[in-house]
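Structure at a glance
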Amino acid sequence: MNYHRTLKSAVAALAVAVPLCWSGIANAQDAVNLRMTIWSANEAHLKLFNEIAAGFKKDHPNVTVTYESLPFETYTTALTTQIAGGNAPDMAWIFETAAYDFVNSGALFPLTDTLKATKAYNAEELSATAAERWTKDGKLYAYPFSTSPFAMFVNNDLIKASGAKTPAEMIAANQWTWDNAIATASTVGKTGKGGLIVRDFNYQIWQNLASVWNGWGASPWSADGKTCTMTEKPMVDALTFIHDAVFKNKAMPGPGESVDFFAGNAAMTITQISRASLLPKDKPFAWDLVPLPKGPAGNYALIGQAGVGVMQSGKNAKTAAEFVAYMTNPENSAKLSQFFPSARKSLLNAEVLKKTNPLLSQEQIDKVVISGIATGKVIPGHTGFAQIQQVVRSGLDAVWRPDANIPAALQQICGQIGPLLKR
Amino acid sequence: MAVVQQTARPEGRSSSSFWTIARRDSLAGFLFIAPQLIGITLFVLIPLCLVFWYSLHEWNVLANTFTYTGLANYQMLLEDTSLPSVLGATAIFSAGLVIFNLSLALLLAVLLNQKLAGITVFRTLFFSPVVVSLVAWTIVWGFLLQKNGGINGVLLVFGIEGPNWLREPVTAMISVIVVQVFKNVGLNMILFLAALQGVPNELYEAARIDGAPRFKQFRRITLPLISPTILLTSIITIVGSLQVFAQIAVLTQGGPGLTTTVLVYYLYQQAFQFHFFGYGSTLSIMLFVIVAVLTFAQWQMRKRIVFYES
C-alpha cells in the first residue's frame, strides 16, 4: 500500500515538474545576457547605465545587460586578453587611440543599419567629424558616445597670491597666449607651488601633449597617417617650447615630479571638462575654466573621444547592436551627456549643457564646451597605436633631459616609427 | 617436482592477480604525486607546448586570424633591433641582482648569526619584506624614488640634491635592482643563516688553535661548507631575476628609453599591448631556453664549486 502511494506521489510530482522544467529550459534558451566592458567604476555612471539597461529590458524582457568595469590604465590590454582567451564581451568601450585598430581589423559589428532602423534615432545629427575615426567604408563601427574637449582649469587663488595675471584677465585683454600662460605658470612655480600640468601626461602619455603642440600646428604624423612629421618645424618648435617651460622656466613639473592641481597645489591644468567632478568640496579654491591658450598657429581645440562598439564574434551581436542604438538614442544621449558630452547637434546647446554641467557657467559652456566640440581635432591615433605609442614614449625620454638635443631625438623617433606608420 | 609446484603456485597467483604489492605501491606513489603532476601537466607542460605552437603562427586577436608562418617569428627574433638592448638590460639586471642580493644576504646572515639578546628581532625585521605584497612594496618605493620623493627629501636635509632616480638610465637600473634586492634578500639571508648554523663549531676551534685569522676561517671553512646553499640561492635568484616584471611595470615601464626593458616586460608588451601573440610566444621560448641553459650550466658547475656534496 505504502509502495503504491509513493509511486503515485512520484508520478504526480513528475507530472508537475516536467512541464515546469521544460518551460524553464525554453525560457533559458530565449534569455540573452549581454556584457559590456567599460573603464569607469564611478557609482553615478553605473547607476545611469543600469537605468538604461532596465529601460531596454521593458521592450526586450529576455535581455539582461551587465557592465564589467576594467581598470582604466590597462583597459585595452585587458579587453584584448579577454578576446584572445575566447571570452570577448558582447559590447565594449573603445579609446579613441585604439579606434583604428578595432575598426580596421574587422573585430566590430557594423552599426549603421541598426541605427537607421531604430525609430527616432536621428543618426544624421552626429557630425561627420565626430564619426570619422569610427567609420570605415561609409559604415559606423562604433558610436562615439563621449566627445569631451580639453580645456584649462585655473586656480585663481594661487595665481593672484603670486601677483601674476589670471587667464580671465588675459582673455579680456586678448593676451591669452601660450607665452603668457607659461609666464604666469612660471611666476606661480617660483612660489613653491606647481605651475601648469598637462594632466595624465606624466612623461608617458605623450599624445596628451597634442593639447599644447596643436597650437603650433604640429602633428606626429601626416593626415593620411603614412609619414612621420615629428621632425618638421612646428613639432620641433612646440617641443622646444615645452622643454624650456619644464627645464628653464620651471613652469611645468619635471619628469618624476608629481603635483596635483585638484588638491590645490598648482596654478593650471589641461584636462577634459569631465574632470570638474574632481574639484575639491572640503577646501574649495577660486577656480575657472578657460579655453586652451592661443599658439603661434592661432586658436585651436582638442577633443578626446570614447566609442562603444559591438564585438563581431558575439553570439548576440544583433541584439547588442540594438542595445547600443537604445543606449545612444537622443533621449539616453541627453542623460549620458551629464558625464559624457554628446556629439549630437541637438544636444550641443547652452540650455542642455547647462542642465547637465551645473558646475560650469554659461560663458564656460559657450567658449569651452560648444566651441571645443565644434572645432576640436581628436587626439592622435593610428593603427597599431600601442606599439607606436611605446616607441615614441621611449624616444621622447631623450627629450626630457635638461641638455636634450631635440631635433636629433625627433629624427631618431621618425626613423623608428616610419616603418610602423607605413604598415 | 612438488617443490617446483609449491614455488610456482604463488607466482601463478600473483600473475593472475593484477594488483601485486609492487603495483599497489606504485599506484599509491602516483596518487601521492598526482596533485603536483596534474598541476605541472595542466599549467606548465601543456602551456609550454601551446606556446611553442603559437610561436609558429601569426595570431591577430582582433581580426580573429591564426595563420601558420613557420619560423617567421624566429627570423623576426634575429632581425629585431630592440632585442640586443633588451637582452643587455636583462643581463645587467640579473648580474646586478645576483651579486648584490647574495653578497648582502651573506653579510646579513653572518652578522645575524650571533648569540645576542634580541637578535631574532633583527632577523624578523630583515625577513619581513619577503611577506609584503610585491606590488604594494614597489608602489611605495615608486613614491620614495620620485624626484621630489622621500629619498631626495632626506638627502636635501644633508644639502645633497639627489638624482632623478627613475628617469636617469643608470640610476633607474640601480633603483629597480635595489628595490628587488631589499624585497627578497631576507629569504636568501634565512637560507644562509640555516647553513651557517650547520657548520660544526669544532672546525672553528681547531682553526683558532692553529692561529687562522677570522677572514681565513671564513674563506677556508665557512664558504666551502655553505657552498651547497650558495649554489641553491644563486640558481633561485638568477631564475627569479629573469622573471622580474611587476617592479619594471610599476616603477619605470621599461624606461628611460629601453634601459630597464627586461625580457619578460618586453614579452608582455609584444603579446598583450601590441597584440603580437605569435612573436610574444617566440620570446617566451627564448626565455625558457635561457633559463634552462643557465640552470643546467650552474648544476654542472656544482662539481667544481660545491664542497662536500655527494
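About the criteria used
- Throughout, residues of each chain are indexed from 1 in the direction in which the sequence is written.
- Chain labels run from A onward and ligand labels from 1 onward, assigned in the order the entries are written.
- The predicted nature of this model means local features are confined to residues of pLDDT at least 70 and side-chain atom pairs, given and counted, to a pLDDT of 80 or more, with totals for whole chains, interfaces and linings taken over all residues.
- To qualify as a helix, a DSSP run of H or I must reach at least 4 residues; to qualify as a strand, a run of E must reach at least 2; elements of each kind are numbered from the N terminus.
- The exposure scheme places C-beta atoms from the backbone and then counts, for each residue, the other C-beta atoms within 10 Å of its own, assigning buried at 20 or more, exposed at 12 or fewer, and partly exposed in between.
- We call two residues in contact when the distance between their C-beta atoms, placed using the backbone, is within 7 Å.
- Three categories are distinguished: nonpolar for Ala, Val, Leu, Ile, Met, Phe, Trp, Tyr, Cys and Pro, charged for Asp, Glu, Lys and Arg, and polar for the others, with Gly belonging to the last.
- A fitted line through C-alpha atoms represents every axis, and for helices the fit uses only the stretch in contact; the resulting angles, taken between N-to-C directions, go from 0 to 180 degrees.
- Angle categories: roughly parallel below 35 degrees, roughly antiparallel above 145, roughly perpendicular from 65 to 115, and oblique for all the rest.
- We define a nonpolar core as a collection of buried residues of the types Ala, Val, Leu, Ile, Met, Phe, Trp, Tyr and Cys that are connected via C-beta atoms lying within 7 Å of each other.
- For two strands to be treated as a pair, DSSP must find at least two bridges joining them.
- Every residue gets a pLDDT, meaning the predictor's confidence in that residue, from 0 to 100.
- Here a crossing is taken to be left-handed if its near helix is turned anticlockwise relative to the far helix by less than a right angle, and right-handed if that turn runs clockwise.

Looking now at the overall build of chain B. When its secondary structure is counted, chain B shows 14 helices and two strands. For chain B, the spread of C-alpha atoms along the three principal axes comes to 100 × 75 × 35 Å. Taken over 310 residues, chain B has a buried fraction of 28%. A separation threshold of at least 6 residues defines the contact pool for chain B, and within that pool the share at least 24 residues apart is 71%.

Looking only at helices and strands, chain A features 17 helices and eleven strands. By its C-alpha atoms, chain A is 100 × 50 × 45 Å across when sized along the principal axes. Counted over contacts in chain A with a minimum sequence separation of 6, partners at least 24 positions apart contribute 75%.

Okay, helix α9 (residues 201–209) of chain B next. Little of α9 of chain B sits out of view: just zero of its nine residues are buried. Backbone geometry just after α9 of chain B places Gly211 of chain B at a positive phi near 85°.

A separate point is the interface of chain A and chain B. Facing the 23 residues of chain A at the interface are 22 residues of chain B. Per-element accounting of the side of chain A that touches chain B gives the leading share, five residues, to helix α3 (residues 75–84) of chain A. Here the residues of the side of chain A that touches chain B are counted per class, giving seven nonpolar, 13 polar and three charged.

Glancing now at unusual backbone geometry. In this model, Gly255 of chain B is joined to Pro256 of chain B through a cis peptide bond whose omega is -5°. On the secondary structure map, Pro256 of chain B appears in the loop between α12 (246–251) and α13 (263–273). Of note in the backbone geometry, Lys250 of chain A takes a positive phi value of approximately 50° without being a glycine. Inspection of the secondary structure assignment puts Lys250 of chain A in the loop between α11 (233–247) and β8 (266–272). Its identity as a non-glycine residue notwithstanding, Gln253 of chain B has a phi of 50°, on the positive side. As for its placement among the helices and strands, Gln253 of chain B is situated in the loop between α12 and α13. Note on Gln253 of chain B: 19 C-beta atoms within 10 Å, which makes it partly exposed.

Moving on, we get to the environment of Pro61 of chain A. One can find Pro61 of chain A in the loop between α2 (43–59) and β2 (63–69). A sequence separation of 29 residues divides Pro61 of chain A from Val32 of chain A, and the C-alpha atoms of the two residues are 9.3 Å apart.

Each pair of packed helices can be described by the angle between their axes along with the distance between the axes. All names here are of chain B. Where helix α11 (residues 227–242) contacts helix α14 (residues 277–305), the axes come no closer than 10 Å and their chain directions differ by 170°. The orientation of α11 relative to α14 falls into the category roughly antiparallel. Between α11, through Ser227, Leu231, Ser234, Ile235, Ile238, Val239 and Leu242, and α14, the contact on the second element is made entirely by Leu287, Ile290, Val291, Leu294, Thr295, Gln298, Arg302 and Ile305. Among the residues making up the contact of α11 with α14, the classes are represented as ten nonpolar, four polar and one charged.

Here we take up the nonpolar core. Counting residues in each nonpolar core, the largest one holds 163 residues, and the members touching the most others are Met91, Ala142 and Val324 of chain A together with Val262 of chain B. For Met91 of chain A, the residues in contact, after removing those within four places along its chain, are Leu34, Met36, Val308, Gly309, Val310, Met311, Ala320, Phe323 and Val324 of chain A.

Right, let's talk about the environment of Val65 of chain A for a bit. All names here are of chain A. Here Val65 is to be found in strand β2. Sequence separation between Val65 and Met91 is 26 residues, and the spatial gap between their C-alpha atoms is 9.9 Å. Residue contacts for Val65: discarding those within four places in its chain leaves Leu34, Met36, Ala53, Phe56 and Phe323.

This paragraph deals with the pairing of β8 of chain A. Residues and elements named next belong to chain A. β8 sits mainly inside the fold: seven of its seven residues count as buried. Note that strand β6 (residues 142–155) and β8 share five bridges and pair antiparallel. When the bridges of β8 are listed, Val154 appears paired with Met268. As defined by bridge partners, strand β7 (residues 194–198) adjoins β8 across four bridges and the pair is classed as parallel. Within the sheet, the bridge partner assigned to Ile197 lies in β8 and is Thr269.

Below, the discussion takes up the confidence of the model for chain B. Caution is warranted with low-pLDDT regions, since their predicted coordinates should not be read in detail. Residue and element names in this part refer to chain B. When pLDDT is averaged across chain B, the result is 89; 94% of the residues are at 70 or more. Taken element by element, the predicted model of chain B shows its lowest mean pLDDT in helix α1 (residues 2–16) (48) and its highest in helix α4 (residues 83–112) (95). Contacts from residues 1–12, a stretch scored under 50 in pLDDT, to residues over four places away or in other chains number zero contacts. For this predicted complex, the interface confidence score (ipTM) comes to 0.81, while the overall pTM stands at 0.84.

Residues and elements named next belong to chain B. At their nearest, the axes of α13 and α14 sit 7 Å apart, and the two run at 160° to each other. The pairing of α13 with α14 is recorded here as roughly antiparallel in orientation. Here α13 runs over α14; the crossing is left-handed. Contacts from Leu263, Val264, Tyr266, Leu267, Gln270 and Ala271 in α13 reach Phe277, Tyr279, Gly280, Leu283, Ser284 and Leu287 in α14. Of the residues belonging to the contact of α13 with α14, the class tally is nine nonpolar, three polar and no charged.

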